[in-house]
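# Coordinate inspection notes
Here is what each chain is made of, one letter per residue.
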Amino acid sequence: MQHQPSSNWTKISDSLALILILLVVIGYLVLNLQAPPQIAILLCIMISVAFGFCKRIPWKVMDKGIREGIISGIPSIVIFLLIGVLIAVWIACGTIPTMILYGFSLISADYFLITVFVMCALVGTSIGSAFTTVATIGVAFLGMGKMLGIDLALISGAIISGAFFGDKMSPLSDTTNLAPGVAKVDLFEHIRHLMWTTIPAFIISLVLYFYLGSSVTSQVPLNFETIRKGLEMSSFIHWSTFLPPLLLFFMAYKRIPAIPALFVGIVSSLLLILITQPNQSLVSLLTIMQNGFVSTTGQAEVDSLLSRGGLQSMLSSVALILLALGLGGILYEIGVISNLVSCIQRFVKTRGRLILSTAMSSLSINVLVGEQYLSIILPGRAFLPSFEKLGLARKNLSRVLEDAGTVVNPLVPWSVCGVFLTGVLGVGTLEYLPYAFFCLLCPIITVILGFTGIGVPNEVSVPKIQEQSKV
C-alpha cells in the first residue's frame, strides 16, 4: 500500500499476540474443521476489528485500512476475471485442446518420467491450473506408470513438479497474478523475472527424472488413446488456434500491460470462433464467457479437462482475495504489520537476509496455515517496505513469493494443495515430497540468488546501495 499507517496504535507484544491468534483461528478452521478459507478470513477480520475497539482505535482508521487494502488489489481482481473469460474462450475456440493434443503427440515410453514432467508443465502452463492438470492427465499418467511398474511416488513427484511449473509460469494462473499484484509489478515482467529460478530448477529436475526413470517399457495404456480421440472428436484442432496465444505472447514481449493484452486475447479468440465455428450463436458465446465452457463428450477424462473457465469460476478466488486484502489493510493501518517489520529490521539489513526472511515467512505461513494465497499476501505486504528501503526492484519480492509460496504449498500434508493431491493421486504427501524436485528446488535457488546477488536487480529509480560483502 502506498500510504503510511495513520499511527502506530499497537505495541509490538500486542501485534504478535494478534497475529498468533489469527494464525491459530485460520489454521483450526481451515485444517481441522475443513471450513472455507473465505469464512476463516472473515472471522479474522471480525477479530481484528474487535481488537481495534479494545485498543480504542477509531473505526475510521480500520475502515480506511479495509478500503485501501482492497483498492490496492483491484487491478489483480480485474485480471483474475479476465483470465476466467480467457480460459473459457480458449477452450471454445480450440486453443487449449490443440495444445494438449499436440503435447500428447510428444509422449515417449522410453523417457517416461521426463515426458510426464514436460507434458504436465506444458498443459499446466496452457490452462494455468495445477489442480486440473493433476486431476486429468496426471491421473492418466499415474495409471500408465503403474502398468509400467514405476514407483507411484516417483510418478506423482514428476506430475506435481510439472503441474506447479505451469501454475507458477502461466499468465492464466491465479497465484501468478496475485504475487505481482501484491508486489505492484507488471504480470509479464514478473513472469520474465521468474526465469532466473525457474529455468535452473526445471533443468535440474529434468536431469534427475532422466536419471531415475532410465528404464521403462514401451506399453501405452488405453486411457491415453481415449483422451486423444476425445479431444480430436470434440474440439476444433488446427494450427490456427495457436494464433491467440501467439498474439498474447507477442504483446507480452512488447511489454503491453496485462489487462489490454488479455482484452486482445479474448477478442481474437472470439473472432476465431466466429470464423471456424459459424454455428455458434452470440448467446452461447456470452454464456461461455460467463459460466465457462462445458464439454459434453461423454468421456469423463475429457469433460473434466475441458469443462472450466468463465467469470463465475473466478468469483470464489476473488472473494478470498478481497477478504485477505481487507484483513491485511486493517493490520497495516493499525500498525501491526509495521511492528512485525520493525522486529526483523536488524536481521534484514542485507539483501541475502531479506530474501531469506521473506522466503521463510512464506514457507512458515504455508506450514502453519496451509493456505497458498495467504503465503503470498501476508509476507508480500510485510516485506515490501524493506525491499524498497534496500533499493531492490519489487519484482525480486514477487519472485520470492512465488518460489517460497506457490510451489511449497503442495509439499505440506495438511495444506489445501497437499490434501487435494493426496486424494486425487492416492499417494501420501510425505511419499511424493522427496521426488517433487521442482517444488523443492525453487525456494532453495531463490535464497542462493539472494545471497550471491545473481538475478537480483536494484530498482532503476533508486541509487544502487552498497551491500556488505559478508552476510
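Residues numbered from 1 in each chain as written. Predicted model: local features only at pLDDT ≥ 70, side-chain atom pairs only at ≥ 80, totals over all residues. Heavy atoms only, no water.

Cut-off, in case you're wondering: UniProt positions are given in the numbering used here, feature names are shortened, and annotations may be inferred rather than shown by experiment.
Looking at an unreviewed UniProt entry, one finds the protein named Sodium/proton antiporter NhaC and attributed to Brevibacillus laterosporus LMG 15441. On record in UniProt, under Sequence similarities (unreviewed entry), the comment for the protein is "Belongs to the NhaC Na(+)/H(+) (TC 2.A.35) antiporter family."

### Looking at the overall build of the protein
Rules: In this text, helices come from DSSP runs of H or I with a minimum length of four residues, and strands from runs of E with a minimum of two, each type numbered from the N-terminal end. Think of it in three bands: residues with accessible area under 20% of the maximum for their type are buried, residues over 50% are exposed, and the middle band is partly exposed, with areas taken using a 1.4 Å probe on protein chains only. Residue contacts are defined here by distance: any two heavy atoms, one from each residue, within 4.5 Å place the two residues in contact. Here, Shrake-Rupley sampling with a 1.4 Å probe gives the accessible areas, and only protein chains in the shown set may cover a residue.
Helix and strand counts for the protein stand at 23 helices and 0 strands. Looking at the protein as a whole, 56% of its 471 residues are labelled buried. Counting only contacts in the protein whose residues sit at least 6 apart along the sequence, the fraction spanning at least 24 positions is 78%. Roughly 19400 Å² of accessible area belongs to the protein as shown, and the carbon and sulfur atoms make up 67% of that amount.

### Considerations on the pattern of salt bridges
Where we set the bar: Here, a salt bridge means any Lys or Arg side-chain nitrogen found within 4 Å of an Asp or Glu carboxyl oxygen.
Scanning all chains against the criterion turns up 5 salt bridges. Arg67 serves as the salt-bridge partner of Asp63, at 2.9 Å between the closest nitrogen and oxygen. Taken as a pair, Asp63 and Arg67 lie in helix H3 (residues 59-72) at a separation of 4 residues, close to a single helical turn. The exposure class assigned to Asp63 is partly exposed, which follows from its relative accessible area of 25%. Residue Glu333 pairs with Lys64 through a salt bridge whose shortest N-O separation is 3.9 Å. Here Glu333 is found in helix H16 (residues 311-333), whereas its partner Lys64 is found in helix H3, with 269 residues between them in sequence. Accessibility expressed as a relative area gives 0% for Glu333, which makes it buried.

### Let's talk about the packing of helix H20 (residues 394-406) against helix H23 (residues 437-452)
To keep it simple, the criterion reads: In this description, a line fitted to the C-alpha atoms serves as the axis of each element, helices being fitted only across the stretch in contact, and the angle between N-to-C directions of two axes falls anywhere from 0 to 180 degrees. Crossing chirality is assigned from the near helix's rotation relative to the far helix, an anticlockwise turn below a right angle marking it left-handed and a clockwise turn marking it right-handed. Three categories are distinguished: nonpolar for Ala, Val, Leu, Ile, Met, Phe, Trp, Tyr, Cys and Pro, charged for Asp, Glu, Lys and Arg, and polar for the others, with Gly belonging to the last.
Direction vectors running N to C along H20 and H23 enclose 145°, while the axes themselves pass 7 Å from each other. Handedness of the H20/H23 crossing: left-handed. Here Arg399, Val400, Asp403 and Ala404 of H20 come into contact with H23, specifically with Cys442, Pro443, Thr446 and Leu449. Counted by class, the contact of H20 with H23 contains 5 nonpolar, 1 polar and 2 charged residues.

### Digging into H3
How we decide: Between the first and last residue of a helix there are one fewer steps than residues, each counted as 1.5 Å, and that sum is the expected span. The directions considered for the arc run from the helix axis to the C-beta atoms.
In this model, H3 (14 residues) spans 20 Å end to end at C-alpha, consistent with the 20 Å of a helix rising 1.5 Å per residue. Buried within H3 are the following residues: Val61, Met62, Gly65, Ile66 and Gly69. Here the buried residues of H3 occupy an arc of 140° about the axis, which is enough to place them on one side. Buried residues in H3 make contact with helix H2 (37-54), H16 and helix H19 (372-389).

### Regarding a nonpolar patch on the surface
For the record, the criterion: Only residues whose relative accessible area exceeds 30% and that form no salt bridge enter a patch; like-charged residues are grouped when within 9 Å of one another, and nonpolar side chains (Val, Leu, Ile, Met, Phe, Trp, Tyr) when within 5 Å.
On the surface, Ile39, Leu42, Leu43 and Met46 cluster together to form a nonpolar patch covering roughly 320 Å² of accessible area. Position of Leu43 relative to the elements: it lies in helix H2. The exposure class assigned to Leu43 is partly exposed, which follows from its relative accessible area of 32%.

### Here we look at the environment of Gly162
For Gly162, the position within the fold is in helix H8 (residues 152-169). Separated by 47 residues in sequence, Gly162 and Thr115 have C-alpha atoms that sit 9.8 Å apart.

### Regarding the environment of Leu271
Inspection of the secondary structure puts Leu271 in helix H13 (residues 258-276). Judged by its relative accessible area of 48%, Leu271 is partly exposed. Measuring from C-alpha to C-alpha, the distance between Leu271 and Pro244 comes to 9.8 Å, with 27 residues separating the pair along the chain.

### Details of the packing of aromatic side chains
Aromatic ring pairs are defined here through the distance separating the ring centres and the angle between the ring planes. The criterion, for reference: To pair, rings of Phe, Tyr and Trp, with the six-membered ring standing in for Trp, must have centres within 6.5 Å; the planes then decide the type, stacked if under 30 degrees apart, edge-to-face if over 60, and tilted in the middle.
Tallied over the full model, the rule gives 7 aromatic pairs. Seen in terms of ring centroids, Phe165 and Phe202 are 5.1 Å apart; in terms of plane orientation they differ by 50°. Their pairing is tilted. With a gap of 37 residues between them, Phe165 in helix H8 and Phe202 in helix H10 (residues 187-212) connect regions that are remote in the sequence. On the basis of relative accessibility, which here comes to 16%, the residue Phe165 falls in the buried class. With centroids separated by 5.6 Å and ring planes inclined at 65°, the aromatic side chains of Phe165 and Phe438 adopt a geometry described as edge-to-face. Taken together, the residues Phe165 in helix H8 and Phe438 in helix H23 connect sequence positions 273 residues apart. Taken as a pair, Phe165 and Phe438 share a single burial class, namely buried. Counting every residue linked through ring pairs, the aromatic cluster contains Phe117, Phe165, Phe202, Tyr209, Tyr435, Phe437 and Phe438.

### With respect to H19
Threshold: Across the chain, bend at a residue is computed as the angle between axes fitted to the seven residues ending at that point and the seven starting from it.
Between its first and last C-alpha, H19 extends 27 Å over 18 residues, near the 26 Å set by a 1.5 Å rise per residue. Along H19, the helix axis deviates most sharply at Phe383, where the bend reaches about 40°; the proline Pro385 sits within four residues downstream. In terms of burial, H19 is largely enclosed, as 14 of its 18 residues are buried. Of the residues flanking the end of H19, it is Gly391, one or two places downstream, whose phi is positive at about 75°.

### Focus: the side chain of Ser268
One can find Ser268 in helix H13. Leave out the neighbours within four places in its chain, and Ser268 touches Pro244 and Leu247.

### Quick word on unusual backbone geometry
Despite not being glycine, Arg56 has its phi angle at roughly 60°, a positive value. Assessed through its relative accessible area of 75%, Arg56 is described here as exposed.

### Things to note about the state of the cysteines
Heads up, the condition is: Throughout, disulfides are identified as pairs of cysteine sulfur atoms within 2.5 Å of each other.
A full pass over the atoms with the stated rule returns 0 disulfides. The structure places no disulfide on Cys417, whose sulfur is separated from the nearest cysteine sulfur, that of Cys439, by 9.2 Å. A residue is classified by how much of its surface remains accessible, and Cys417, at 2% relative accessible area, is buried. Cysteine Cys439 is unpaired, with the sulfur of Cys442 as its nearest cysteine sulfur at 7.1 Å. On the basis of relative accessible area, Cys439 is assigned to the buried category, the value being 0%.

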